[in-house]
Amino acid sequence: MTYYSEHSKVWVSVDCIVFGFENGKLKLLIGKRQMDPGRGEWSLYGGFVRANESLEDAANRVLYDLTGLKKVYMKQVGAFGAIDRDPGDRVISVAYCALINVKDYDEKIRIEHGLEWVTRQNLPKLYSDHEIMIHKAITLLRRRINTEPLSFNLLPDLFTLTQLQKVYEAILGEEIDKRNFRKRIKSIDFIEKTDLIDKLSSKRGAALYRFNKKMYADDPTFKL
């Protein structure tokens, strides 16, 4: 028996909003569409949900194709279903936000897909409602950054407090008082100071820190 035959069908896709942090700036991974409609226009990277996939499975597949990375921080941003959002057909897209460390990303994959890292300030005009997706993703990050350890997904395993502060400032879009920030960070148990020194970004040398995932999992009462 065929069910729902009296109802019209729509396409469902996922779009991945991939953020990276490089040279003190928050960046987005975008590319040019390889299909019609909108071929050649700048856009986020996405794909249609397959019959045997959940939404999250589809997003993970697209993200893996895009970056070659697994176990990446990813959160659903929301569903976008304006009737005329896609000139090709009736398409509802569910957007996902991902955070990666740029240094973990294989440049060969980026070049293969023709992708570019672009700051939000330098974003070109994007296909359909992708700019709205990005705006909502940044709003989500700003709401969560003080209650979840998001920043560590954008940093290498070892980082300086200056690097950590710049991530916060890049996401929040504003400067943070250095003294108060460091005082608060040093009071958080799962941000551990190591015996290692970074001599590349600081002439005097800056202490390197790391995020202790196990300690955070045991006591995730985080608020900055």
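To be clear, the structure that these remarks concern was listed above.
Caption draft 1: Just the pattern of salt bridges, in detail. Going through the model one piece at a time under the given rule, you end up with 8 salt bridges. As a salt-bridge pair, aspartate 36 and arginine 39 come within 3.4 Å of each other at their nearest N and O atoms. One salt bridge connects aspartate 129 with arginine 85, and the closest N-O pair in it is separated by 2.8 Å. Taken as a pair, aspartate 129 in the loop between strand S7 (115–119) and helix H3 (130–144) and arginine 85 in the loop between strand S5 (73–80) and strand S6 (91–99) lie far apart in primary sequence, 44 residues in all. Just as aspartate 129 is buried, arginine 85 falls in that class too. What you see here is one network of salt bridges that share partners, running through Glu107, Arg110 and Glu116.

Caption draft 2: Geometry of the nonpolar core. Core analysis: the largest hydrophobic core is formed by 40 residues, its most contacted members being Ile17, Phe19, Leu99, Leu141, Leu154, Leu164 and Ile191. Taken together, the elements giving at least two residues each to this core come down to strand S1 (11–22), strand S2 (25–32), S5, S6, H3, helix H4 (161–172), helix H5 (178–186) and strand S9 (206–211). It is H3 that contributes the most residues to this core, 6 residues altogether. Val14, Cys16, Val62 and Tyr105 belong to the second largest nonpolar core, which has 20 residues in total.

Caption draft 3: How the structure looks around the packing of aromatic side chains. Within the structure shown, the criterion is met by 9 aromatic pairs. With centroids separated by 6.0 Å and ring planes inclined at 90°, the aromatic side chains of tyrosine 105 and tryptophan 117 adopt a geometry described as edge-to-face. Within this pair, whereas tyrosine 105 is found in the loop between S6 and helix H2 (107–113), its partner tryptophan 117 is found in strand S7, the two being separated by 12 residues in sequence. Given the relative accessible area of 15%, tryptophan 117 is considered buried. Arranged with centres 5.9 Å apart and planes meeting at 55°, the rings of phenylalanine 211 and tyrosine 216 form a pair that is tilted. Neither residue differs from the other here; phenylalanine 211 and tyrosine 216 are each classed as buried.

Caption draft 4: Examining the pairing of S7 more closely. With 4 of 5 residues buried, S7 is to be regarded as a mostly interior element. For S2 and S7, the ladder comprises 5 bridges, and the chain directions are antiparallel. Each bridged residue has a counterpart across the sheet, and for lysine 27 the counterpart in S7 is threonine 119.

Caption draft 5: Molecular detail of the side chain of serine 43. If you trace the backbone, serine 43 turns up in strand S3 (residues 42–43). Accessibility expressed as a relative area gives 3% for serine 43, which makes it buried.

Caption draft 6: Broad picture of the side chain of serine 151. Position of serine 151 among the secondary structure elements: in the loop between H3 and H4. Aside from chain neighbours lying at most four places away, what touches serine 151 is Ile145, Leu164, Val167 and Tyr168.

Caption draft 7: Representation of the environment of cysteine 16 within the structure. With respect to the helices, strands and loops of the structure, cysteine 16 is situated in strand S1. For the pair cysteine 16 and glycine 78, spaced 62 residues apart in sequence, the C-alpha to C-alpha distance is 11 Å. Once you skip the residues sitting within four places of it in the chain, cysteine 16 turns out to touch Leu44, Tyr45, Ala59, Val62, Leu63 and Tyr96.

Caption draft 8: Molecular detail of the state of the cysteines. For the structure shown, the criterion picks out 0 disulfides. With no disulfide of its own, cysteine 16 lies 9.7 Å from the sulfur of cysteine 97, the closest cysteine sulfur. Residue class for cysteine 97 comes out buried when judged on its relative accessible area of 0%.

What counts, and where the lines are drawn
Residues numbered from 1 in each chain as written. Predicted model: local features only at pLDDT ≥ 70, side-chain atom pairs only at ≥ 80, totals over all residues. Heavy atoms only, no water. Salt bridge = Lys/Arg side-chain N within 4 Å of Asp/Glu carboxyl O. Helix = DSSP H or I, 4+ residues; strand = E, 2+ residues; numbered from the N terminus. Buried < 20%, exposed > 50% of the residue type's maximum accessible area, 1.4 Å probe, protein only. Core = buried A, V, L, I, M, F, W, Y, C linked by side-chain atoms within 4.5 Å. Phe/Tyr/Trp six-rings, centres within 6.5 Å; stacked < 30°, edge-to-face > 60°. Pairing = 2+ DSSP bridges. Contact = heavy atoms within 4.5 Å. Disulfide = S-S within 2.5 Å.

Bear in mind that shape data such as this cannot, by itself, settle questions of function.
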